[in-house]
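Residue-level structure breakdown
One letter stands for each residue in the lines below.
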Amino acid sequence: MDELTRLLSELVSIPSVNPMGRALSGPELLETRLSAYLESWFRDRGLHVQRQPVAPGRDNLLARYDAPDARRTVLFDVHQDTVPTDGMTIPPFEPRVEVGKLYGRGACDVKASMAAMLLAFERLCRERPQGSASVVLACTVDEEFTHLGSSKLAETQSGIDLAVVAEPTQLNVVHCHKGATRWKIRARGVACHSSTPERGVNAIYRMAHVVAALADLARDLSRTPPHPILGPPSLSVGRIEGGLSVNIVPDACTIEIDRRMIPGETPSGCIEQVRKFLVDRLGSLDGVEFDPPWVRMPALDTQLGDWVGPLSEAVKGATGRTPELIGVPFGTDAGPLGAAGIPGVVFGPGDIAQAHTRDEWVELDQVHQAAEAYYRIACALG
């Protein structure tokens, strides 16, 4: 087994599951064990690394390579966490190599990119190529839920000329993506025995009017002027919960909303749009409450300008083909970084179609090409 495959296997074998707001328990949760492994990995190679506390037991890890006579500094960002393992048909933390693919939770999203970035960073520190950029390598936490790690990183980094954020892009360069805001709407009612429902107020009935109105809003959004690459914004009601028992008129019902934003939209603006639409449609919001959003992921719209040529040539040198410049509908750590004034692109091995799947895998050839590409990107952007 070559060094890169071995490193990726070790990363996959260390659970770093993000509970994503669910009441999960177990030793596989959070990034603690992976952070400890990464800290040792850097120090075993004589590379300085520091922890950046983000939340209890959850730390970003930051390492820096100062290139000789560098004119620019590039940020490499890769997240430590994975989604949960529900429904997986393979052992999630027992990496297996088969027919050029490595299987396991996080193999595609994004421990393949992490292994490639680590070895590219180590190579930069070892070879110290003339003309390269300085590189800050950040291993962040909580990308899969609320982006606490990248938000903290964005608050504290200065002097970054371009961020390269690791996600599965099939080695194409993503320069724009949608953002997201997520929040809960609660309908209140009055509970009573179901044999005399007229004595209560059914919160589920109240919420049904809200959901029907939101379905119309979602349709209207799909017909709004689209972003030239990303298309129109969207809205989806993804969860609903209410009632205690079939023989009790429910006094509460809650839905969770996912609103995907295009560049130019803001979380507060999107939430206010929903509030105004419901008032216009229903007449009032009596008995209906909005929780504060728990996700505020900005959209990304990087104007690459003079970066296009060096980025494309670096990737072509590693892969043998000119990468496509594309947009994607999902959010990444590049969103908070961009909102803080750090321009960014998203780039990495693997296909997003394999992320979060029951038999997650990544093609090892792409991982090797990514390691070379990250190295060449650092050299080209100096």
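One can find the structure itself at the top, above this paragraph.
What comes next is a walk through the structure. The residue numbering used here restarts from 1 in each chain and proceeds along that chain's sequence as written. Local features in this predicted model are restricted to residues of pLDDT 70 or higher, and side-chain atom pairs are both shown and tallied only at a pLDDT of 80 or more, whereas totals for entire chains, interfaces and linings draw on every residue. Excluded from the side-chain calculations are hydrogens and water; all other atoms, namely the structure's heavy atoms, are used.

On to the overall build of the protein, then. Secondary structure elements are defined from DSSP: runs of H or I of at least 4 residues count as helices, runs of E of at least 2 residues count as strands, and each element is numbered from the N terminus. Counting its regular elements, the protein contains nine helices and 19 strands. With the radius of gyration taken over C-alpha atoms, the globule rule is written as 2.2 Å times the number of residues to the power 0.38. For 382 residues, the compact-globule estimate of 2.2 N^0.38 gives 21 Å, and the C-alpha radius of gyration of the protein, at 23 Å, lies within 12% of that figure. By its C-alpha atoms, the protein is 80 × 45 × 40 Å across when sized along the principal axes. The rule is simple: take the accessible area with a 1.4 Å probe, protein chains only, and divide by the maximum for that residue type; under 20% is buried, over 50% is exposed, in between is partly exposed. Among the 382 residues that make up the protein, the fraction classed as buried is 53%. Residues count as neighbours in contact if any of their non-hydrogen atoms are within 4.5 Å of one another. Once local pairs closer than 6 in sequence are excluded, the contacts in the protein between residues at least 24 apart make up 80%. For the protein, the computed accessible surface area is about 16300 Å², with 50% contributed by carbon and sulfur atoms. Counted charges follow a simple rule, with Lys and Arg positive, Asp and Glu negative, and His plus the chain ends left uncounted. In this description, the location of a charge corresponds to atom NZ of lysine, CZ of arginine, CG of aspartate or CD of glutamate. Treating the 38 positive side-chain charges of the protein as one cloud and the 48 negative ones as another, the clouds have centres 2 Å apart. The Shrake-Rupley method, run with a 1.4 Å probe sphere, supplies the accessible areas, and residue values consider only the shown protein chains as cover.

With that out of the way, let us pick up the pairing of strand 9 (residues 179-188). Strand direction decides the pairing type here: strand 9 and strand 13 (residues 252-261), joined by ten bridges, are antiparallel. Among the inter-strand pairings, I185 is bridged to a residue of strand 13, identified as I255. The rule for pairing is simple: two strands pair if DSSP sees at least two bridges between them. The pairing of strand 9 with strand 15 (residues 295-297) spans three bridges and is classified as antiparallel. The residue bridging T181 from the neighbouring strand is R296, located in strand 15.

Moving on, we get to the environment of A318. Here A318 shows up in helix 7 (residues 308-319). Along the sequence, A318 and A36 sit 282 residues apart, while their C-alpha atoms lie 31 Å from each other. The residues touching A318, leaving out its near neighbours within four places in the chain, are Q369, E372, A373 and R376.

For helices, the fitted line uses only the C-alpha atoms of the stretch in contact; every axis is such a line through C-alpha atoms, and the angle between N-to-C directions lies from 0 to 180 degrees. Orientation of helix 5 (residues 203-221) relative to helix 6 (residues 267-282), taken along the N-to-C sense of each, is 120 degrees, at an axis distance of 10 Å. In terms of orientation, helix 5 and helix 6 fall into the oblique class. For the crossing formed where helix 5 meets helix 6, the hand is right-handed. Facing H209, V210, A213, L214, D216, L217, D220 and L221 of helix 5, the residues of helix 6 in contact are Q273, V274, F277, L278, R281 and L282. Throughout this entry, Asp, Glu, Lys and Arg are counted as charged residues, while Ala, Val, Leu, Ile, Met, Phe, Trp, Tyr, Cys and Pro are counted as nonpolar. The remaining residues, Gly among them, count as polar. Split by residue class, the contact of helix 5 with helix 6 holds nine nonpolar, two polar and three charged. Angle categories are assigned with fixed cut-offs, so that under 35 degrees is roughly parallel, over 145 is roughly antiparallel, 65 to 115 is roughly perpendicular, and the rest are oblique. The handedness criterion is simple: a crossing whose near helix is rotated anticlockwise from the far helix by less than a right angle is left-handed, and one whose near helix is rotated clockwise is right-handed.

On to the pattern of salt bridges. Salt bridges are identified by distance alone: a Lys or Arg side-chain nitrogen within 4 Å of an Asp or Glu carboxyl oxygen. According to the stated counting rule, one finds 26 salt bridges in the structure shown. E122 is the partner of R45 in a salt bridge, and the nearest nitrogen-oxygen pair spans 3.2 Å. Of the two residues, R45 sits in the loop between helix 2 (32-44) and strand 1 (49-55) while E122 sits in helix 3 (residues 107-127), which places them 77 residues apart along the sequence. Under the relative-accessibility criterion, R45 is labelled partly exposed at 34%. K184 is the partner of E256 in a salt bridge, and the nearest nitrogen-oxygen pair spans 3.9 Å. Separated by 72 residues along the polypeptide, E256 in strand 13 and K184 in strand 9 bring together distant segments of the chain. Three or more residues joined by partner-sharing salt bridges are found here, namely R123, R126, E127, E372 and R376.

Turning next to the sheet that holds strand 5 (residues 101-103). Working definition: the strands of a sheet are paired by backbone hydrogen bonds and lie parallel or antiparallel to each other. Read from one edge to the other, the open sheet built from three strands follows the order 4-5-19, with strand pairing classed as antiparallel. In this open sheet, the two strands that pair with only one neighbour each are strand 4 (96-98) and strand 19 (361-363). For this sheet the average axis-to-axis angle between neighbouring strands, irrespective of direction, equals 25 degrees. Sheet topology places strand 4 next to strand 5; three bridges connect them, and they run antiparallel. In the sheet register, R96 faces strand 5, and the bridge partner there is Y103.

Quick look at the side chain of T181 now. Here T181 is to be found in strand 9. Polar contact criterion, stated in full: a pair of N or O atoms within 3.5 Å, where within protein one must be able to donate a hydrogen and the other to accept it, and residues adjacent in sequence count only if both atoms are side-chain atoms. At a separation of 3.0 Å, a polar atom in the side chain of T181 contacts the main-chain carbonyl oxygen of V295. Those residues in contact with T181 that sit more than four places away from it in its chain are I257, D258, R259, M261, P267, C270, I271, P293 and V295.

Right, let's get into unusual backbone geometry. Peptide bonds are mostly trans, and most non-glycine residues show a negative phi. Omega for the bond connecting D109 with V110 falls within 30 degrees of zero, at -5 degrees, which places this linkage in the cis form. Non-glycine residue V99 carries a positive phi angle of around 50 degrees. Following the sequence through the fold, V99 ends up in the loop between strand 4 and strand 5. By relative accessible area, which is 78% here, V99 ends up exposed. Positive phi outside glycine occurs at R128, with the angle close to 45 degrees. Along the chain, R128 turns up in the loop between helix 3 and strand 6 (134-140).

The next subject is helix 9 (residues 364-380). Any helix carries an expected span of 1.5 Å times its number of residues minus one. Its 17 residues place the ends of helix 9 24 Å apart at the C-alpha level, agreeing with the 24 Å of an ideal helix rising 1.5 Å per residue. Regarding helix 9, the residues found buried are L364, Q366, V367, A370, A371, A373, Y374, Y375, I377 and A378.

Note that A63 resides in strand 2 (residues 58-65). For the pair formed by A63 and Q50, sequence separation is 13 residues and the distance between their alpha carbons is 6.6 Å. Those residues in contact with A63 that lie beyond four places of it in its chain are F42, H48, F121, V135, V136 and L137.

This part takes up the nonpolar core. Soluble globular proteins tend to bury their nonpolar side chains together. Formed by 62 residues in total, the largest nonpolar core has its most connected members in L8, F42, F76, L118, F121, F347 and Y374. Of the residues forming this core, the biggest block, 14 residues, is contributed by helix 3. In this view, F76 contacts M117, V135, V136, L137, A138, V164, Y374 and A378; residues no more than four positions away in its chain are not counted. One finds A203, I257, V274 and L278 within the second-largest nonpolar core, a separate group that totals 21 residues. We call a set of buried Ala, Val, Leu, Ile, Met, Phe, Trp, Tyr and Cys residues a nonpolar core when their side-chain atoms join them within 4.5 Å.

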